[in-house]
Amino acid sequence: MSLLLQATTDWAFSVRALAPVLVVALSGLAVLGIDSLWPDERSLELVAGTAVAGTLSALGLSLWYLASGTGQPGGGGAIRLFSETIIVDGTALLFIAIVTSVAAMVSVASYDYLEADENPGSYYSLLLFATTAMTLMAVANSLATVFVSLEMASLPSYALVAYLKTNRGSVEAGLKYFLIGAVSAAVFAFGISLVYGATGSLLLTDIAAGIGGVGDLDGILGVGILMIAGGFAFKTASVPFHFWAPEAYEGAPAPISAFLSSASKAAGFVVAFRVFAVAFQPALGVAIDWGLLFGILAVVTMVLGNFAAATQTEVKRMLAYSSIGHAGYALIGLAAVTADANPANATVMGAAMAHLFVYGFMNTGAFLFIAMVEHWGIGRTFEDYAGVGRKAPMASLAMAVFMFSLAGLPVFGGFFSKYILFLGAINAGFWWLAAVGAVTSALSLFYYSRVVKALWFEEANGSLDALDSKPTGLYAAVIVAGVVTVLLLPGFGPVIETAEAAAAALFA
Amino acid sequence: MIIEALLAATFLSAVIVFALPDEYAPKTAFGLSLVPVAGGLYMWATFTGSGNALTGGDIAFQTVLPWLEVAGYTFQWYVGVDGISLPLVVLTTFLTSLAIVSAWTPIDDRKSQFYGLMLLMEANLIGVFTALDFFAWFVFWEAVLVPMYFLIGVWGGPRRQYAAIKFFVYTNIASLVMFIGFMMLVLSLPINSFGLPAITQSLAAGELGSFFFLSPDALAAVAFVALFIGFAVKVPVVPVHTWLPDAHVEAPTPVSVMLAGVLLKMGTYALLRFNFTMLPEQASAFAVPIAAIAVVSVIYGAMLALAQQDLKRIVAYSSVSSMGYVILGLVAFTEFGLGGATFQMIAHGLISGLMFMAVGVIYNATHTRLVGDMSGLADRMPIAVWILVAGAFAYMGLPLMAGFAGEFFIFVGSFGSTTLQYAPVFTALAMFGIVIVAGYLLFAMQRTLFGPFRLETEYELDRAPIHDIAPLVALLAAIIVLGVVPSLFWNMILDATVPLLDLLGGGAL
């Protein structure tokens with residue numbers, strides 16, 4: 001009897017703690033159910049509404065938990081479930097908030113994108129299952145759950161990239177994404193097996209405890225960590241596993257590009273932050289200096305992403321490379337971690353988390369603006385964007401906000417997150433990371449301002465009559481993202497304070 | 001709270017005007033811009049501050065609120081005014097309202113966006129002059145650039161894209177240099193705040209540590225140079241002035257008014273606040289090269305103006321010359337030097353605003369700005385022409401006009417400077433600039449305004465509407481009032497600049 005009672009309270013407790021994840025999963029199932037029950041009716045409003053409601057309620061729940069202290073040091077500490085393979089703490093809730101807010105904006109925007117689509121149910125259910133998996137990545141606390149959730153996020157993503165079945169670019173991008181994803185999953189799984197072999201555990205905390213006793217197996221542990229880092233590089237679109245990103249972001253439907261470059265990247269980073277901070281921090285002095293590894297990757301990723309972006313002629317591809325560059329900035333959060341219990345560790349990793357939060361809005365907004373341009377069908381290059389500001393001032397204003405914010409101009413949210421990231425790197429002694437970051441940021445203003453210049457300064461080359469249609473969902477999503485990007489400058493305090501506290505809890 | 005109310009009202013006005021239909025935007029924008037004018041005048045009338053805001057004076061209308069706390073540092077929302085910043089706030093609000101009226105004729109495209117951006121710029125300018133925390137200040141400082149970039153790039157002349165991007169690139173690189181220099185300085189101080197008063201007082205107490213391999217002295221010198229470069233571009237001084245004529249020529253009249261009248265003063269204001277208040281010893285160590293830059297700007301700017309054929313370019317280059325006087329007054333570091341430089345910021349804001357507006361009125365009527373294309377305009381548009389003449393005399397420093405007071409104070413102050421070596425030589429050279437100013441202004445006016453009427457364009461001469469002339473009259477009135485009664489601002493300016501003299505152990509007149 002008592003065992004049963006124990007089980008039910010555990011059950012209720014787990015459901016409550018995991019409510020944000022479960023809400024997204026249930027809404028995905030609901031969309032699938034609607035589609036299966038009425039397969040002949042095209043119920044775009046219903047499925048889109050379900051998706052928006054599901055992601056928004058998950059967002060609301062995670063923000064509520066964050067505000068009320070659930071899983072955080074002030075509210076009883078991290079909640080560990082299912083033999084500690086799942087953890088609900090500040091980091092998890094913060095990243096659930098990022099992923100679900102991106103998913104909500106993408107769901108709203110996709111409504112217009114799918115107007116002519118025959119089967120919106122499959123699109124929305126894939127989107128929601130991918131979101132579910134990304135929220136699971138945020139709560140995964142064992143290499144087994146990490147691997148399962150990572151693959152669970154990847155599979156719907158492949159399908160979503162290739163969603164435009166009749167479009168060659170989309171299908172080719174999906175195939176490329178799938179092949180590189182399969183290779184990186186193999187590498188990742190092999191890395192997990194090596195780490196398990198060396199430390200005897202898959203639970204992150206137990207791995208950390210086991211690293212002290214690896215003895216002669218330190219080489220195997222080091223190779224395993226290196227391979228796991230490769231898996232994360234794929235998921236976050238960092239060098240050297242970044243090749244899929246420009247193709248996939250360019251070929252995919254633009255809302256999916258927004259989703260992958262913001263939410264999927266954030267989910268990849270939350271796993272990387274948790275695994276390396278919790279499990280592998282002791283390995284810094286024993287097996288492999290992964291801080292230096294990420295430092296080199298960060299520099300190469302920042303330089304390559306920003307320089308490649310500067311040479312593009314198509315806006316979407318430019319944003320794809322800029323998204324790689326931003327992965328480089330977030331990698332600073334891992335690169336500047338040191339082996340000792342230095343408070344600078346939490347500062348810099350918290351700053352990287354806050355940067356991903358701001359990035360979730362400004363980057364999603366930018367890709368959704370491109371979705372709007374695709375909806376109008378006026379072309380893909382910088383020249384095709386000329387004169388749009390005259391016909392669509394509000395959306396173009398929002399796009400200018402995203403561009404300046406991505407460049408880190410000290411006017412919008414993107415400034416503080418970058419600045420504090422660089423400040424954290426300097427405090428930890430990694431001034432060279434901050435220097436490369438500052439220089440590449442200054443360079444990035446060049447190519448971001450090309451978009452602004454085209455939108456506002458240049459006169460239209462052809463007819464812009466297509467701009468008379470005002471896609472409501474896309475507009476709403478872009479404007480919301482723009483307003484949040486602006487408000488994140490005065491309102492950056494709660495974000496950075498939550499992120500720092502969450503990062504500090506990881507290192508505790 | 002009055003400053004927050006002022007900022008909120010201006011930002012809100014910008015949003016309202018941006019969303020209005022084009023036909024209502026001009027008049028609504030003017031009406032809403034009177035709210036900050038009233039707020040500025042109210043602040044001026046009830047001003048109770050004393051001393052310099054950074055060196056521990058009594059700051060008026062002060063608010064301090066925590067903004068964010070990270071990595072051991074506190075960022076604050078910290079605003080307030082002293083005798084240096086309040087006149088600049090009043091100038092900003094006054095000039096914006098007049099610039100908005102002067103835009104009614106030339107701006108006929110995308111009106112609501114234009115006026116919305118003007119008000120947005122005004123709000124950020126008020127922020128620049130009132131912010132007392134470095135980050136709040138820096139955000140406003142950069143946020144001024146963005147509307148300006150659009151105002152030149154969208155509503156400018158034929159080469160507007162080039163001019164807008166040149167302006168944006170120059171000022172952004174300058175900001176980056178300044179930002180890095182200032183960060184090195186603050187990170188080497190044993191304080192955890194970015195409040196400008198706290199930083200100033202910590203520096204004055206000699207608490208500067210070393211930064212990686214830079215000793216405190218070297219660090220202070222490096223930071224001083226970085227800050228000077230950052231602000232000199234904004235002023236601008238020779239040789240980093242080349243963005244200015246391009247920006248002015250391409251910008252529409254009201255934007256030129258704001259650029260010359262207020263945006264250039266951001267540079268000198270920041271020089272006074274940062275370089276000369278926070279690092280006075282470095283300022284006196286670098287006094288001779290800075291004075292040389294100032295004098296070169298005065299003379300070279302005036303000579304460039306002499307060589308121009310475009311009326312607007314003439315006025316633009318003469319701004320380079322006039323801002324040279326301000327730098328000379330700052331580097332002299334005397335009671336009249338610092339006070340005169342601050343006063344000259346206000347005076348030049350009004351006078352250059354008047355000149356650009358008058359040239360704009362002539363352009364609206366004639367559709368040309370080239371000196372060779374016109375002559376004898378005095379017969380056809382007497383009011384505008386005589387106001388332009390009055391403005392030119394104000395520029396030359398006619399007594400009883402604001403320009404005289406400013407330049408006279410600067411020369412008195414710089415002649416007797418003890419911190420600047422060879423002060424009399426620099427002063428004499430700079431005074432020579434006035435002769436050139438008189439030369440090019442009189443020469444240009446003689447050819448365009450007087451003599452037989454002639455106009456070589458495809459257009460008929462238009463009659464200037466009343467709303468073109470009204471802001472000219474208002475500006476001229478302000479220039480004369482301030483010239484006759486300089487004490488309206490002079491007393492509060494002295495109150496805020498005299499405490500700075502203690503930083504270098506007194507100082508002469």
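The model shown is predicted, which means the values in this text are computed figures rather than measured ones.

Conventions we followed
Residues numbered from 1 in each chain as written. Chains lettered and ligands numbered in written order. Predicted model: local features only at pLDDT ≥ 70, side-chain atom pairs only at ≥ 80, totals over all residues. Helix = DSSP H or I, 4+ residues; strand = E, 2+ residues; numbered from the N terminus. Rg over C-alpha atoms; globule rule 2.2 N^0.38 Å. Buried ≥ 20, exposed ≤ 12 C-beta atoms within 10 Å, placed from the backbone. Contact = placed C-beta atoms within 7 Å. pLDDT = per-residue confidence, 0-100. Core = buried A, V, L, I, M, F, W, Y, C linked by C-beta atoms within 7 Å. Expected span 1.5 Å × (residues − 1). Axes fitted to C-alpha atoms, helices over the stretch in contact; angles between N-to-C directions. Parallel < 35°, antiparallel > 145°, perpendicular 65-115°, else oblique. Left-handed = near helix turned anticlockwise from the far one by under 90°. Nonpolar A, V, L, I, M, F, W, Y, C, P; charged D, E, K, R; others polar. Pairing = 2+ DSSP bridges.

Draft legend 1. Seen up close, the overall build of chain B. A tally of regular secondary structure across chain B gives 20 helices and four strands. A compact globule built from 509 residues would reach a C-alpha radius of gyration of about 23 Å, and chain B, at 22 Å, matches this within 12%. With respect to the three principal axes, the spread of C-alpha positions in chain B is 70 × 55 × 40 Å. Classification of the 509 residues of chain B by burial places 63% in the buried group. Of all intrachain contacts in chain B linking residues separated by at least 6 positions in sequence, the fraction that spans at least 24 positions is 79%.

Draft legend 2. View of the overall build of chain A. Counting secondary structure elements, chain A contains 20 helices and two strands. Taking 23 Å as the expected radius of gyration for a compact globule of 508 residues, we find that chain A reaches 22 Å, a close match to that expectation. Overall, the C-alpha framework of chain A stretches about 70 × 60 × 40 Å when taken along its three principal axes. The buried share of chain A, reckoned over its 508 residues, is 63%. At a minimum sequence separation of 6, the contacts of chain A that also span at least 24 residues come to 81%.

Draft legend 3. Examining the interface of chain A and chain B more closely. Contacts between the two partners involve 22 residues from chain A and, on the opposite side, 19 residues from chain B. Put simply, the parts of the chain that give the side of chain A that touches chain B at least two residues each are α16 (393-407), α17 (413-427), α18 (431-456) and α20 (492-507) of chain A. With five residues, the top contributor of residues to the side of chain A that touches chain B is α20 of chain A.

Draft legend 4. Up close: unusual backbone geometry. Omega for the bond connecting V239 of chain A with P240 of chain A falls within 30 degrees of zero, at 5 degrees, which places this linkage in the cis form. By the element assignment, P240 of chain A lies in the loop between α9 (218-235) and α10 (244-251). A cis amide bond links V235 of chain B with the next residue in sequence, P236 of chain B, at an omega value of -10 degrees. Mapping P236 of chain B onto the fold places it in the loop between α8 (216-234) and α9 (243-250). With a phi close to 55 degrees, F333 of chain B is a non-glycine residue in the positive phi region. In this fold, F333 of chain B is placed in the loop between α13 (311-332) and α14 (335-366). Judged by the 27 C-beta atoms lying within 10 Å of it, F333 of chain B is buried.

Draft legend 5. Quick peek at the confidence of the model for chain B. Summary statistics for chain B give a mean pLDDT of 90 and a share of 99% for residues scoring 70 or more. Confidence metrics for the complex model read pTM 0.91 and ipTM 0.88.

Draft legend 6. A look at the nonpolar core. All names here are of chain A. With 428 residues, the main nonpolar core has M137, I332 and L368 as its most contacted residues. No other element matches the 23 residues that helix α14 (residues 343-376) contributes to this core. With residues near it in sequence (within four places) discarded, L368 still touches M105, A109, P255, A258, L474, A477, V478 and A481.

Draft legend 7. Just the environment of F178 of chain A, in detail. Residue and element names in this part refer to chain A. Position of F178 relative to the elements: it lies in helix α7 (residues 168-199). What makes F178 partly exposed here is the crowd of 19 C-beta atoms within 10 Å. Along the sequence, F178 and L155 sit 23 residues apart, while their C-alpha atoms lie 8.2 Å from each other.

Draft legend 8. Summary view of helix α16 (residues 382-396) of chain B. All names here are of chain B. Helix length check: α16, at 15 residues, gives a terminal C-alpha distance of 21 Å against a target of 21 Å (1.5 Å per residue), a fit within 8%. The complete set of buried residues in α16 reads A384, V385, I387, L388, A390, G391, A392, F393, A394 and Y395. Those residues of α16 that are buried lie in contact with α13, α14, α15 (377-380), α17 (402-415), α18 (423-449) and α19 (466-484). Two residues or fewer past α16, G397 is found with a positive phi of approximately 90 degrees.

Draft legend 9. Representation of the packing of α14 of chain B against helix α20 (residues 487-501) of chain B within the structure. Residues and elements named next belong to chain B. It is the contact of α14 with α20, at a shortest axis distance of 8 Å, that shows an interaxial angle of 135 degrees. Our classification of the angle between α14 and α20 gives oblique. In terms of crossing hand, the pair formed by α14 and α20 is right-handed. Between α14 and α20, the contacting residues are E335, L338, G339, T342, F343 and I346 on the first element and F489, W490, I493, L494, T497, V498, L500 and L501 on the second. Partitioning the contact of α14 with α20 into residue classes produces ten nonpolar, three polar and one charged.

Draft legend 10. Expanded view of the pairing of strand β1 (residues 60-70) of chain B. Residues and elements named next belong to chain B. Across eight bridges, β1 lies against strand β2 (residues 73-81) in antiparallel orientation. Paired with L68 across the strands is F75, a residue of β2. Taking the residues between adjacent antiparallel strands as the criterion, β1 and β2 are bridged by two residues, where A71 takes a positive phi near 50 degrees.

Draft legend 11. Region of the structure containing the packing of α17 of chain B against α19 of chain B. Residues and elements named next belong to chain B. Close contact between α17 and α19 brings their axes to 6 Å; oriented N to C, the two are set at 45 degrees. Judged by the angle between their axes, α17 and α19 are oblique. Together, A402, F404 and A405 of α17 and I479, L482 and G483 of α19 make up the contact between the two elements. A class-by-class count of the residues in the contact of α17 with α19 yields five nonpolar, one polar and no charged.

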